[in-house]
Amino acid sequence: MKNGRWAFLGLLIALMVMPGEAFGTKVLKVVVDPPNWWVGMPGNTVELLVEHRFGDIQKVTLEEAQGVRIFKDEPAQNPHYHYVTLVIEPQAPAQTLQLNVYDTKSKRPTLVPYVLEARDPSRRSHMGLDSRDLIYLVTPDRFANGNPSNDRIRGLAEQSLDRSQGYERHGGDLEGLTAHLDFIASLGATAVWTMPILENDMPRASYHGYAITNHYRVDPRFGGFSAYADYADALHAKGMKLVMDMVPNHFGTAHRFYQNPPDSNWINAWPGQPKTDKNGEVGEPLITNHRYATMYDPYAAPSDKAQFTDGWFVSSMVDVNQRDRHCAQYLVQNAIWWIESIGVDAFRVDTWIYPDQSFLNQWSTAIHAVYPDFFIFSESWVHNEHSQQYFLDQHPTLDGAADFMMYQAWKEALEKPTSWNGGLNHFYMNLAADYLYREPENFVVFLDNHDEGRFFAKVKEDKDLYKMGLAMLYTMRGIPCLFYGTEVLMRAESDHGAMRQDMFGGWEGDTKNAFTGENLTGDEAEALAFVRELADLRTAHPVIGTGSLRQWAPYDDVYAYAWYNEEELVLVLVNRSEMLQKFAAKRLHPLVADYGQPEILLETKPAHVESKGGGPADWTEGVQGYPIAPNGLTMYRFPGK
Ligand SMILES: [Ca+2]
Ligand SMILES: [Ca+2]
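What counts and how
Residues numbered from 1 in each chain as written. Chains lettered and ligands numbered in written order. Predicted model: local features only at pLDDT ≥ 70, side-chain atom pairs only at ≥ 80, totals over all residues. Helix = DSSP H or I, 4+ residues; strand = E, 2+ residues; numbered from the N terminus. Buried ≥ 20, exposed ≤ 12 C-beta atoms within 10 Å, placed from the backbone. Contact = placed C-beta atoms within 7 Å. Pairing = 2+ DSSP bridges. Expected span 1.5 Å × (residues − 1). Core = buried A, V, L, I, M, F, W, Y, C linked by C-beta atoms within 7 Å. Axes fitted to C-alpha atoms, helices over the stretch in contact; angles between N-to-C directions. Parallel < 35°, antiparallel > 145°, perpendicular 65-115°, else oblique. Left-handed = near helix turned anticlockwise from the far one by under 90°. Nonpolar A, V, L, I, M, F, W, Y, C, P; charged D, E, K, R; others polar. pLDDT = per-residue confidence, 0-100.

**Section: the overall build of the chain**
1) Next: When you go through the chain residue by residue, the secondary structure sums to 17 helices and 29 strands.
2) Next: For the chain, the C-alpha atoms occupy an extent of roughly 100 × 55 × 55 Å along the three principal directions.
3) Next: Each of the 641 residues in the chain was classed as buried or not, and the buried ones make up 46%.
4) Next: Once local pairs closer than 6 in sequence are excluded, the contacts in the chain between residues at least 24 apart make up 71%.

Here you go:
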């Protein structure tokens, strides 16, 4: 009986498949999104988007099923699509449903099996992020090529493959990334965020992943679904977490929802969508003005406001209208589908401030209703504290945000001299602004990322400032995020293609190898060893990120902050002057009264050697203090009594 049933299912699938137009690939006659669902989900409905690729749908029915029925079968504006709402009773068993899709021409329906799976609780075992985590950000096309056979895939629009070109495919994939998780863990990372891995079947620059063309398909050049599932399992086996990059604001113009949307209301574009050119670009769409102030400005012109939210991010990416309730439901279910299928632990949400803001509330609330421990952080690329606060306060179910304010503060502190409001004082005042935010410990802090120049370039390849920045990153409040390659001094300052450079050793035949240390320059090896030292220090001192935090106003170009709990106090001293400086011991009172004698935990430069002119003898006279070398950072540990 069982065999008979499977043979029957096989026949059904064969019936659904029609020969495709390109290179013998198969195109399904009927496509259903999401491709499967689960029983026992907290919400008991799922809205299927049923598309008939070759005809107009008349109706969709369901063969008798256990505890499952069609609640609503709604035609979309586009006759190729129906929205079909299934009600799944809480006690319904896992089963394969049979949908009958009737089109307007043939008498017989197309039979579509639809699987309702049992949920796998092990997929939810690592969910969430907190301030003990550290994220490693990877451009998957540029990290490691674990499988050269998937570098080019026949039938996909982009066939480029040239590692010397910043905007062409390089062949990196999830298999390569999975093979190097121990290296990533050695940097103190507990979570990996990859730039988007979903299909980007765009004619050019598809490597970056932000022009998604299929919301349910892992790009085959990254290894497809199975490679993503294996990667998730490998991360979880090491106690690490998977951060998925979600892009609700836009998708690539090659997406079927641009060429043939269920409803013209799904996208923010003019009627009769214009054709795309050979680069996948649409001539002169309304581009967003990037003026996020329109969201809170009491005097904002309505046209400016509409252009900000509904304008396209770039001319190769369609702006999505999440105000369409079916479109919104599609995006919500898509997010839940990836969490449930793969065991995603956190979302980084691209261009958070550009989609419809009430949709984002609906989206993040729906995700947390199913997964209370899940972590969602936004890319809210803002330039002042009140905007940072605004985009958090608008979204009570947003867990955290990439901290662009601190990113800017680091640029000020490490690239510019200290002044009354600038340099270290800017950094100090930025941290003081934490009073504005709920849970600033959930902010994701970073020195560089995939959009901005490499940190080592920003500090003009100054090793002292590099170490100072990295040491601050690993001990700052929030969840630190390290951009791959920064640990081996990658230095591209501008140009996205160049910044997202291939990781040393990720390709067969690479002479330089960050994973083994082979042929790294002395400076690169030193940087890598230093980052690992920081990783060990952060692991050994859980007070960092979880204890109470104090900071001291900069004085003589010296800035200090400390983490403390009953166990210990870790003091971080930063000297941005060209002189040996001290931090007056009396400023630590009364805090240090509860702690024993300090010991040096880390010194980026030994204070006694680097003394220029002055020296400890000069300034310790009458004033007790802790010395810090010029442009140095020193950490002390005070044990609890
Ligand atoms: Ca590959
Ligand atoms: Ca938008």
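**Overview of the sheet that holds strand β10 (residues 110-117)**
1) Next: Spatially, the four strands line up as an open sheet ordered β4-β10-β9-β6, and their pairing is mixed. The sheet terminates laterally at β4 (37-38) and β6 (57-62), the two strands that pair on one side only.
2) Next: Looking at chain direction, β4 and β10 are connected through two bridges and run parallel. The residue bridging Trp38 from the neighbouring strand is Glu117, located in β10.

**Let's talk about the sheet that holds strand β18 (residues 346-349)**
1) Next: Strands sit in the order β20-β19-β18-β15-β12-β11-β22-β21 across an open sheet of eight strands; the sheet is parallel. Because the sheet does not close on itself, it has two edges, and the strands there are β20 (400-401) and β21 (444-446).
2) Next: As paired strands, strand β15 (residues 241-246) and β18 are joined by four bridges and run parallel to one another. Paired with Val243 across the strands is Ala346, a residue of β18.

**Side note on helix α10 (residues 404-415)**
1) Next: Between its terminal C-alpha atoms α10 stretches 16 Å, which fits the 16 Å expected from twelve residues at 1.5 Å a residue.
2) Next: Burial within α10 is extensive, with nine of its twelve residues counted as buried.
3) Next: All of the buried residues in α10 are Phe404, Met405, Met406, Tyr407, Ala409, Trp410, Glu412, Ala413 and Leu414.
4) Next: Along its buried surface, α10 packs onto α9 (385-393), α11 (424-432), β21 and α13 (463-475).

**A short note on helix α7 (residues 325-342)**
1) Next: With 18 residues, α7 should cover 26 Å at 1.5 Å per step; its first-to-last C-alpha distance of 26 Å lies within 8% of that length.
2) Next: Most of α7 is tucked away, with 13 of its 18 residues classed as buried.
3) Next: With its phi angle positive at about 85 degrees, Gly343 sits one or two positions after the end of α7.

**Quick look at the nonpolar core**
1) Next: If you look at the biggest cluster of nonpolar residues, it comprises 170 residues, and the most contacted ones within it are Val50, Ile135, Val192, Leu571, Val572 and Leu573.
2) Next: Contacts of Leu571, omitting those with residues within four sequence positions, involve Ala560, Ala562, Met635, Tyr636 and Phe638.

**Topic: the packing of α10 against α11**
1) Next: Packing of α10 against α11 brings their axes to within 7 Å, and their N-to-C directions diverge by 160 degrees. Overall, the two elements α10 and α11 adopt an arrangement that is roughly antiparallel. Considering how the two elements wind past one another, α10 and α11 form a crossing that is left-handed. Between α10 and α11, the residues in contact are Met405, Met406, Ala409, Trp410, Glu412 and Ala413 and Leu424, His426, Phe427 and Asn430, respectively.
2) Next: A class-by-class count of the residues in the contact of α10 with α11 yields seven nonpolar, two polar and one charged.

**Remarks on the environment of Gln98**
1) Next: Within the element layout of this structure, Gln98 appears in strand β9 (residues 95-103).
2) Next: For Gln98 and Leu62, which are 36 residues apart along the polypeptide, the C-alpha to C-alpha distance reads 5.9 Å.
3) Next: Once residues within four sequence positions are removed from consideration, Gln98 is found in contact with Glu63, Leu111 and Pro113.

**A closer look at the pairing of strand β25 (residues 568-575)**
1) Next: In terms of burial, β25 is a largely internal element, eight of the eight residues being buried.
2) Next: Neither face of β25 is exposed, since Glu568, Val570, Val572 and Val574 on one face and Leu569, Leu571, Leu573 and Asn575 on the opposite face are all buried.
3) Next: Here strand β24 (residues 558-564) runs beside β25; their pairing, made up of seven bridges, is antiparallel. Looking at β25, one finds that Tyr561 is bridged to Val572.
4) Next: The antiparallel pairing of β24 with β25 creates a hairpin that spans three residues between the two strands.
5) Next: Sheet analysis places β25 next to strand β29 (residues 633-639), joined by seven bridges and oriented antiparallel.

**Remarks on the confidence of the model for the chain**
1) Next: Averaged over every residue, the pLDDT of the chain is 93; residues scoring 70 or more account for 93%.
2) Next: Ignoring residues within four places in sequence, the model shows residues 1-25, a span with pLDDT below 50, making 22 contacts including any to other chains.
3) Next: In the predicted structure, residues 609-621 sits below a pLDDT of 50 and forms 18 contacts with residues beyond four places in sequence or in another chain.

**So, the environment of Leu286**
1) Next: Relative to the helices and strands, Leu286 resides in the loop between α5 (256-259) and α6 (302-310).
2) Next: Residue Leu286 is classed as partly exposed on the basis of its C-beta count, with 14 C-beta atoms lying within 10 Å.
3) Next: Sequence-wise, Leu286 and Trp270 are 16 residues apart; in three dimensions their C-alpha atoms are separated by 9.3 Å.
4) Next: Not counting the four nearest positions on each side in its chain, Leu286 is found in contact with Gln307, Gly311 and Trp312.

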